Amino acid sequence: MSTYTIVTGANGEIGHSLLEKLHAAGRTIIAIDLNPLHEHHAAMCTHVFSGHMGDVTNHELYNSLEQFDLDEVYHLAALLSTSAERNPELAQKVNVGGTLNLLELARKTGKRMQRPVKFLFPSTIAIYGFPSLTEKNRAGAVTEDEYTLGRTMYGINKLYCEQLGRYYDELYMRLAPTKEHGWVDFRGVRFPGLISAFTVPTGGTSDYAPEMLHAAAQGKSYSCFVREDAQIPFMAMPDGVDALMNLAAAPKENLTRHIYNIAAFAPTAAQIAGQVKSLFPDADITFAPDVNRQAIVDSWCADVNDNAARNDWGWNANYGFEECFRDYLAPNIKQRYA
Ligand code: SER
């Protein structure tokens, strides 16, 4: 009998890229998303749940999923930071409620199979929170346990879910007479802003980088909603997806924590615009900061320290800043809009 890999948010940016890599790795995939998958991606999955049945807050979905033996759950479905700030109650329901539902599914399935289900969780640099730019700049590259006082609903949701995952893995129902924890093997990375050559994100606050690039590739002008000196970490999409899959493959005994920072590059918005212009010399990019979205970016860290991921599971980004634009974005995005 097959064992399955679940991907929620399968129709999102990370989802598309992850489906392709999981499929290439020969996995049997169950995809879940509110929106139906395109044929190309649906063909990579044995089961696709969409619409009402693709809603991670819908309990009916879980009745259908309980029959499957699971190896791994990649729980990507979430409202990103800008969307969550516009609708905090919905963000709580989807980002926290949805995660709790998936953790419960993984726990029950693990217990039934008598072996843990790996649960891969994309967390975020939004869990960090700086009260001022001076402090952000003074702190530089932060480790996992510093400045974890996120200032967005999204960041707070994700920080709580990191803890919830740790609880399911290590402590679940610790007063029960039988052992109830350990049926979920919870692992996560805190993603920086991700940049894909093929898709543009929706509802995030790091979206200025991909928006700027994709606008230029289509010959459209772009007004950037943060200042030129705004700085947060970014990463090429293939590196982000590899990080999740490599963390999933790491021997549990090598892991000293549940959640890891991963770094690639940390440019300012002006430096990103510079790279975009070197690819598309006619790019028309202006800066018109939106005070509130700027404040969110200013509250996130300028960079992350990813020593733990390097030491524990050999994390290393393939693409630095220049390589990301030259070797990954340039060839693919030109073809994408050709
Ligand atoms: N890309 C995310 C956002 O902007 C941050 O993790 O919301």
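Conventions we followed
- Every residue gets a number counted from 1 within its own chain, in the order that chain's sequence is written.
- Predicted model: local features are reported for residues with pLDDT of at least 70 only, side-chain atom pairs are reported and counted for 80 or more only, and whole-chain, interface and lining totals are derived from all residues.
- In computing side-chain properties, one takes all heavy atoms of the structure into account and sets aside hydrogens as well as water.
- Each helix is a run of DSSP H or I of at least 4 residues and each strand a run of E of at least 2, with the numbering of both proceeding from the N terminus.
- Every radius of gyration here is taken over C-alpha atoms, with the globule rule written as 2.2 Å times N^0.38, N being the number of residues.
- When a residue's accessible area, from a 1.4 Å probe over protein chains only, is under 20% of the maximum for its type it is buried; when over 50% it is exposed; and in between it is partly exposed.
- Here the accessible surface of atoms and residues is derived via Shrake-Rupley with a 1.4 Å probe, and residues count as covered only by protein chains that are part of the display.
- His is not counted here, nor are the chain ends, while Lys and Arg score as positive and Asp and Glu score as negative.
- Charge positions are represented by NZ for Lys, CZ for Arg, CG for Asp and CD for Glu.
- To be near a molecule or strand, a residue needs just one of its heavy atoms within 4 Å of it.
- Polar contacts, as counted here, are pairs of nitrogen or oxygen atoms within 3.5 Å of one another; within protein the pair requires one atom able to donate a hydrogen and one able to accept it, and residues that are adjacent in sequence qualify only if both atoms are side-chain atoms.
- Cavities and pockets were defined on a 1 Å grid built from protein atoms only: a cavity is a group of points that admits a 1.4 Å probe but offers it no way out, a pocket is an open group of points flanked by protein on both sides within 12 Å along at least five of seven lines, and a lining residue is one with an atom within 4 Å of any such point.
- Whether a molecule lies in a cavity or pocket depends on its atoms, and more than half of them have to be within 2 Å of the grid points.
- In this count, Pro and Cys sit with the nonpolar residues alongside Ala, Val, Leu, Ile, Met, Phe, Trp and Tyr, while Asp, Glu, Lys and Arg are called charged and the others, Gly among them, polar.
- Salt bridge, as applied in this entry: a Lys or Arg side-chain nitrogen positioned within 4 Å of an Asp or Glu carboxyl oxygen.
- Here, the term nonpolar core denotes a set of buried Ala, Val, Leu, Ile, Met, Phe, Trp, Tyr and Cys residues that are joined through side-chain atoms within 4.5 Å.
- For this analysis, residues touch if any pair of their heavy atoms sits within 4.5 Å.
- Grid points are joined across faces, edges and corners, and a volume is the space filled by probe spheres set on the points.
- Our working definition of a disulfide is a cysteine sulfur pair at a distance within 2.5 Å.
- Pairing between strands is defined by DSSP: at least two bridges between them are needed.

Participant: I keep staring at the overall build of the chain and nothing clicks. Help me out?
Facilitator: Within the chain, the secondary structure is distributed over 13 helices and 13 strands. For 338 residues, the compact-globule estimate of 2.2 N^0.38 gives 20 Å, and the chain sits close to it at 20 Å. The principal-axis extents of the C-alpha atoms in the chain amount to approximately 65 × 45 × 40 Å. The 338 residues of the chain split such that 57% are buried. Accessible surface, the chain as shown: approximately 14200 Å² in total, 49% of it carbon and sulfur. The centroid of the 29 positive side-chain charges in the chain is displaced by 3 Å from the centroid of its 39 negative side-chain charges.

Participant: Help me understand the site of the ligand in this model?
Facilitator: Lining the immediate surroundings of the ligand are L80, S81, T124, Y154, G204, T205, S206 and W300. Measuring from an oxygen atom of the ligand, one finds a backbone N or O atom of T205 at 2.6 Å. Residue S206 places a side-chain N or O atom 2.8 Å away from a nitrogen atom belonging to the ligand. Taking 240 Å² as the accessible area of the ligand by itself, protein coverage stands at 92%. Taken atom by atom, the bulk of the ligand overlaps the largest pocket. Taken together, the residues of the shell around the ligand sort by class into 3 nonpolar, 5 polar and no charged.

Participant: What exactly am I supposed to notice about the pattern of salt bridges here?
Facilitator: Between side chains of opposite charge, a pair can form as their charged atoms come close. Scanning all chains against the criterion turns up 16 salt bridges. Beyond isolated ion pairs, a larger network of salt bridges with shared partners links D169, D185, R187 and K252.

Participant: Can you walk me through the nonpolar core in this structure?
Facilitator: Note on soluble globular proteins: their nonpolar side chains tend to be buried together. Among the nonpolar cores identified, the biggest contains 114 residues, and L65, Y208, V276 and W313 are the most heavily contacted of them. In terms of residue count, helix α5 (residues 88-113) provides more of this core than any other element does, 8 residues in total. Here V276 is in contact with M212, L213, A216, A283, I285 and F325, once residues within four sequence places are set aside.

Participant: What am I meant to see in the side chain of D306 here?
Facilitator: Within the element layout of this structure, D306 appears in the loop between β13 (303-304) and α12 (307-313). Apart from residues lying up to four places away in sequence, D306 is in contact with N261, I262, A263 and W315.

Participant: Just checking my understanding: could you explain helix α8 (residues 208-217) for this structure?
Facilitator: An α-helical turn contains 3.6 residues, so any two residues separated by three or four positions project in the same direction. In terms of burial, α8 is largely enclosed, as 9 of its 10 residues are buried. Looking one or two residues past α8, G219 carries a phi angle of roughly 70 degrees, positive in sign.

Participant: Quick question: what am I supposed to make of the layout of surface pockets here?
Facilitator: Where empty space is left becomes clear once a probe the size of a water molecule has been rolled over the atoms. Size it by volume and the largest pocket reaches roughly 1100 Å³. Around the largest pocket, the lining comprises 47 residues; the ones closest to its centre are G12, L76, A78, L80 and T202. Only α1 (13-24), α4 (81-86), α5, β5 (117-124), α7 (153-170) and β8 (193-195) provide two or more residues apiece to the lining of the largest pocket. Residues of the lining of the largest pocket, tallied by class, amount to 23 nonpolar, 19 polar and 5 charged. Its boundaries defined by the atoms lining it, the second largest pocket holds a volume of some 240 Å³. S17, E20, S196, F198 and Y328 are the residues nearest the centre of the second largest pocket, which is lined by 13 residues in total. If you list the elements that add at least two residues to the lining of the second largest pocket, you get α1, α2 (39-42) and α9 (237-249).

Participant: Sorry if this is basic, but what is going on with the state of the cysteines here?
Facilitator: A covalent bond between the sulfur atoms of two cysteines is referred to as a disulfide. Counted according to the given criterion, the structure contains 0 disulfides. This cysteine, C161, is not joined by any disulfide, and C301 carries the nearest cysteine sulfur, 19 Å off. Not engaged in a disulfide, the cysteine C301 finds its nearest cysteine sulfur in C324; these two sulfurs lie 18 Å apart. Under the relative-accessibility criterion, C301 is labelled buried at 0%.

Participant: Explanation requested: the pairing of strand β7 (residues 184-191) in the structure shown.
Facilitator: Within β7, 8 of the 8 residues are buried, which leaves it mostly tucked inside the rest of the structure. Here β7 shows a buried face lined by V184, F186, G188 and R190 and a second buried face lined by D185, R187, V189 and F191. Taken together, the 8 bridges between β5 and β7 define a ladder with parallel strand orientation. Residue pairing in the sheet places L120 in a bridge with R187 of β7. One ladder, built from 3 bridges, connects β7 with strand β11 (residues 259-261); its direction is parallel. Across the sheet, V189 pairs through a bridge with Y260, a residue of β11.

Participant: Could you clarify how one ought to interpret the pairing of β5 in this entry?
Facilitator: A regular strand carries its side chains on alternate faces of the sheet. Most of β5 is tucked away: 7 of the 8 residues are buried. With 3 bridges joining them, strand β4 (residues 70-75) and β5 adopt parallel strand pairing. Counted as the bridge partner of V73 is F119 from β5.

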